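What follows is each chain in one-letter form.
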There are 6 protein chains.
Amino acid sequence: MYDHHTLLYFSHRLYSHELTLEENKQIYGKCINQHGHNYVLEVSVKGAVDPKTGMFINITELKSIIATEVLDILDHRTLEDLEPLKGIVTTTENVAVWIWGALHKKLGNLLFEVKIEETEKNFVIYRGE
Amino acid sequence: MYDHHTLLYFSHRLYSHELTLEENKQIYGKCINQHGHNYVLEVSVKGAVDPKTGMFINITELKSIIATEVLDILDHRTLEDLEPLKGIVTTTENVAVWIWGALHKKLGNLLFEVKIEETEKNFVIYRGE
Amino acid sequence: MYDHHTLLYFSHRLYSHELTLEENKQIYGKCINQHGHNYVLEVSVKGAVDPKTGMFINITELKSIIATEVLDILDHRTLEDLEPLKGIVTTTENVAVWIWGALHKKLGNLLFEVKIEETEKNFVIYRGE
Amino acid sequence: MYDHHTLLYFSHRLYSHELTLEENKQIYGKCINQHGHNYVLEVSVKGAVDPKTGMFINITELKSIIATEVLDILDHRTLEDLEPLKGIVTTTENVAVWIWGALHKKLGNLLFEVKIEETEKNFVIYRGE
Amino acid sequence: MYDHHTLLYFSHRLYSHELTLEENKQIYGKCINQHGHNYVLEVSVKGAVDPKTGMFINITELKSIIATEVLDILDHRTLEDLEPLKGIVTTTENVAVWIWGALHKKLGNLLFEVKIEETEKNFVIYRGE
Amino acid sequence: MYDHHTLLYFSHRLYSHELTLEENKQIYGKCINQHGHNYVLEVSVKGAVDPKTGMFINITELKSIIATEVLDILDHRTLEDLEPLKGIVTTTENVAVWIWGALHKKLGNLLFEVKIEETEKNFVIYRGE
């Protein structure tokens, strides 16, 4: 298993348009205000070591996939304004599922886990199910 | 999977009353003296994302369960003096099993893992089996 | 010297209205887009230990000053929308100077240093001059 | 300047025998109960680099001084029970001053700073004045 | 599960003698030059808690096995010069597999996982398959 | 004060050609063998905030100076083989002084501090005197 971590910075708010303002306040607290984070994104791939190179995957290639499929879209943006995230409440859970989907298109079964560290204290892990 | 980490501070010693002083010294070394730790406790829950809220569990609720079931009992205490830990040698392994039990009563199958970081170098993980 | 660290989360963009779009792009790069951060704020106070209590300052009091003067204003907000930061480009340097001013009103000469860790790699330190 | 960090683990409580129980509760909160910590101790020395060795001080020597003067006395102990700390409220501030004194006897003017990280969020720094 | 982490420091280069210089450059980039690392090695063991001691394994014993089987061989060395690693391209993946083998001889089924953190951003995990 | 941290990886050994093998062993221990490190390099600059940009120095410019003056020379190399370090015992202290000199040529009085974290436990700080 190979793990690579990257940082991304974005602005978002937690607000569901299917709920009333009161319900949103109760569920999301002060996260209904526009704010932002340093997300630490850890992407794990799993596979056999190539006997020729001694590597699972070339890390340069993995970094380039993460850059194109995730960073170029989410980094330094307001999540709610992005076409691919339209209509989703941008909780860490939902963002993790979205990132999994985006990487899975390129990595297929090599992809093992997507982990997001939203703060020093809270993490979400998604393994595709 | 959702992971939340909390800190707790307590005093303890490792000493089994079923062993002689010599055996205790040999097994636990200087840990037979009263001392203490900053435990980093990581609690992981696992489940389906609620499509309405985009969350596994409301983190405010999870924090409140950890506070009531674990912190209010162990934090800023001497473990050997506590009724629920009577007769247990308070190794990290045994404390992890006890915390699992305390949280499982409230979280049931949502609970996935209890991890304790006793020092920068030593960790214990318990998943209920 | 006593150091306490706190986290705050906000949305901002780096954009000076006294510069052209081209100049903004050249100076601030992709930070001209709305995005956000987990700021780690470290506040240091310096003074004599009170012989009665063995403390510089009661940490409960220090936390309460940081909460009222800084967190209640900046946390979970868009910095550009805030009255007290109007007209300031919200670089880490400028935010550090603003936080210093806000805390100095309450802490006076006890205040020694304000440090902001914007990312794992970049820090700004301000000591009032 | 050369910085070396070490860990020590002990049990203590914050309680002044010159104050009433009520006053102790108000000042120290739940820290009046016996509890413990992982202290991260950082010792900084400052001096000229020896041109022959390219070092300020041999780190093996520095570690040995910290072990003899600090760890052998405080580590895996209850601070209140220790002869050299008798009558002192064992706040981080007071322990830092005590450690400074203990190291200064051996290191003299080479000693620059003693820093204690009591938790992830709270630090005390002492430079001998 | 019990996790213990240790540091080791060595010199190495990534270069396969079955590939041309051009192919080596393309696959390993500047890692074809002799350089080195601080490896953080995390060894996890898994088993039943011994009811007598309240521990999986005595940590003193685990540390001594890691010292004898891994540190004494790899630490403060040039990996390519070592007899047991002859002919292996010393990628983190290959070193992890080698460390697993070395520890498995002593720990058998207690051994659960070998994790190497090569830099702050890259990790390799091996579980024996 | 602005702080930026970077990583570099190299191979080195501690060995003075003006000392006997026995003296080298006694002073440097197992560091006389070729080994390597992940150096965390923190460069601090200090100056007035430019009122137009709200920044001390553009971080892109600072990163580019660190890359050209330090990383391009030391990173992924064997320190003893490098022309600019010839004849120096490559202790962390000596490398810090060398890096200070290399950066000072470009940064002048803006440069405040060079800090190297050689391992999790050992740091060297140099401020030009």
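Nothing here was measured: the structure is a model prediction, and the numbers come from that model.

Cut-offs and rules
- Residues numbered from 1 in each chain as written.
- Chains lettered and ligands numbered in written order.
- Predicted model: local features only at pLDDT ≥ 70, side-chain atom pairs only at ≥ 80, totals over all residues.
- Heavy atoms only, no water.
- Helix = DSSP H or I, 4+ residues; strand = E, 2+ residues; numbered from the N terminus.
- Buried < 20%, exposed > 50% of the residue type's maximum accessible area, 1.4 Å probe, protein only.
- Contact = heavy atoms within 4.5 Å.
- Least-squares fit on C-alpha atoms with pLDDT ≥ 70 in both.
- Pairing = 2+ DSSP bridges.
- Salt bridge = Lys/Arg side-chain N within 4 Å of Asp/Glu carboxyl O.
- Buried area = accessible area lost by both parts, 1.4 Å probe.
- Polar contact = N/O pair within 3.5 Å; in protein donor to acceptor, adjacent residues only side chain to side chain.
- Nonpolar A, V, L, I, M, F, W, Y, C, P; charged D, E, K, R; others polar.
- UniProt positions renumbered as here; feature names shortened; annotations may be inferred.

Q: Help me get a handle on the side chain of Asn94 of chain B, residues and values and all.
A: Mapping Asn94 of chain B onto the fold places it in helix α3 (residues 92–107). Asn94 of chain B sits in the buried class, given a relative accessible area of 19%. Every residue in contact with Asn94 of chain B, bar those within four places of it in the chain, is listed here: Ile88 and Val89 of chain B together with Val49 and Gly54 of chain E.

Q: How would you sum up the relation of the copies chain A and chain E? Please name residues and give values.
A: It takes a turn of 120° to lay chain A on chain E, together with a shift of 0.0 Å along the axis; the resulting RMSD is 0.0 Å. Such a combination of rotation and displacement between the chain copies is what one expects of a three-fold axis. In terms of C-alpha distance to the rotation axis, chain A has Glu120 of chain A as its closest residue, with the C-alpha 8.9 Å off the axis.

Q: Outline the pairing of strand β4 (residues 111–117) of chain D, supporting the account with residue identities and numerical values.
A: Residue and element names in this part refer to chain D. Burial runs high along β4: five of the seven residues are buried. One ladder, built from six bridges, connects strand β2 (residues 35–45) with β4; its direction is antiparallel. Bridge pairing links Val43 to Val114 in β4. In sequence, β4 turns back onto strand β5 (residues 122–126) through a hairpin of four residues.

Q: Give a detailed account of the pattern of salt bridges, specifying residues and quantitative values.
A: Within the structure shown, the criterion is met by 23 salt bridges over all chains. As a salt-bridge pair, Glu83 of chain D and Lys86 of chain D come within 3.9 Å of each other at their nearest N and O atoms. For Glu83 of chain D, a relative accessible area of 60% translates into the label exposed. Looking at Lys86 of chain D, the relative accessible area reads 49%, which means it is partly exposed. With a closest N to O distance of 2.7 Å, Glu113 of chain E and Arg127 of chain E form a salt bridge. One end of the pair, Glu113 of chain E, is in strand β4 (residues 111–117); the other, Arg127 of chain E, is in the segment after β5 (122–126), with 14 residues separating them in the sequence.

Q: Could you give me a rundown of the interface of chain A and chain E, with the residues and numbers involved?
A: Tallying the contact residues gives 13 residues for chain A and 15 residues for chain E. Three residues stand out in chain A for area buried against chain E, namely Met1, Asp3 and His5 of chain A, and they jointly supply 35% of the buried area on that side. Here chain A and chain E share zero salt bridges between them. Along the contact surface separating chain A from chain E lie ten residue pairs in polar contact (both at pLDDT 80 or more). Looking at the side of chain A that touches chain E element by element, the count peaks at four residues for strand β1 (residues 2–12) of chain A. In terms of residue class, the side of chain A that touches chain E is built from six nonpolar, five polar and two charged. Relative to β5 of chain E, β1 of chain A runs antiparallel, the two sharing three bridges. Within the sheet, the bridge partner assigned to Asp3 of chain A lies in β5 of chain E and is Phe123 of chain E.

Q: Could you give an account of unusual backbone geometry, with specific residues and numbers?
A: Residue His76 of chain B is not a glycine yet carries a positive backbone phi of 60°. Among the residues examined, His76 of chain B registers a relative accessible area of 6% and is labelled buried.

Q: Pulling in residues and values, what's your account of the UniProt feature "binding site: Zn(2+)" (unreviewed entry) in chain A?
A: Taken from the UniProt record, the annotation "binding site: Zn(2+)" (unreviewed entry) applies to His12, His35 and His37 of chain A. Despite a sequence span of 26 residues, these residues sit close together in the fold, their greatest C-alpha distance being 8.3 Å. Within the secondary structure layout, His35 of chain A lies in strand β2 (residues 35–45). If sequence neighbours within four positions are ignored, His37 of chain A has contacts with Leu8, Tyr9, Phe10, His12, Glu118 and Thr119 of chain A together with Tyr9, Gly36, His37 and Asn38 of chain C. Of the polar contacts made by the side chain of His37 of chain A, one reaches the side chain of Glu118 of chain A; its length is 3.5 Å.

Q: Now, about the arrangement of the chains: what can you tell me, with residues and values included?
A: Where chain D comes nearest to chain E, the C-alpha atoms are still 15 Å apart, and the two do not contact one another. Regarding chain A and chain F, the two do not touch, and the least distance separating their C-alpha atoms is 15 Å.

Q: If you had to explain the interface of chain C and chain A to someone new, which residues and values would you point to?
A: Where interface size is given, it is often the accessible area lost as the parts come together that is meant. Between chain C and chain A, the residue contacts involve 21 residues of the former and 21 residues of the latter. For the pairing of chain C and chain A, the buried interface totals around 1700 Å² over both sides, and the portion due to carbon and sulfur atoms is 50%. Summed over the three residues of chain C that lose the most area to chain A, namely Asn38, His76 and Glu120 of chain C, the buried surface amounts to 32% of that side. Run the count over chain C and chain A and you get two salt bridges. For Asp75 of chain C, the salt bridge identified is with Lys30 of chain A, shortest N-O distance 3.2 Å. Along the contact surface separating chain C from chain A lie twelve residue pairs in polar contact (both at pLDDT 80 or more). Where the side of chain C that touches chain A is concerned, the elements lending two or more residues are β1 (2–12), β2 (35–45) and β3 (77–78) of chain C. For the side of chain C that touches chain A, a count of residues per class yields five nonpolar, eleven polar and five charged.

Q: Which residues make up the environment of Arg127 of chain C, and what values go with them?
A: For Arg127 of chain C, a relative accessible area of 38% corresponds to the partly exposed category. When the C-alpha positions of Arg127 of chain C and Leu111 of chain C are compared, they lie 8.3 Å apart, and in sequence the two are 16 residues distant. Leave out the neighbours within four places in its chain, and Arg127 of chain C touches Trp100, Phe112 and Glu113 of chain C together with Met1 of chain F.

Q: Outline the pairing of strand β5 (residues 122–126) of chain C, supporting the account with residue identities and numerical values.
A: Residues and elements named next belong to chain C. Most of β5 sits out of view: five of its five residues are buried. Burial along β5 is two-sided: the face carrying Asn122, Val124 and Tyr126 and the face carrying Phe123 and Ile125 are both buried. Where strand β4 (residues 111–117) and β5 come together, four bridges link them in antiparallel fashion. Bridged to Ile116 within β5 is Val124.

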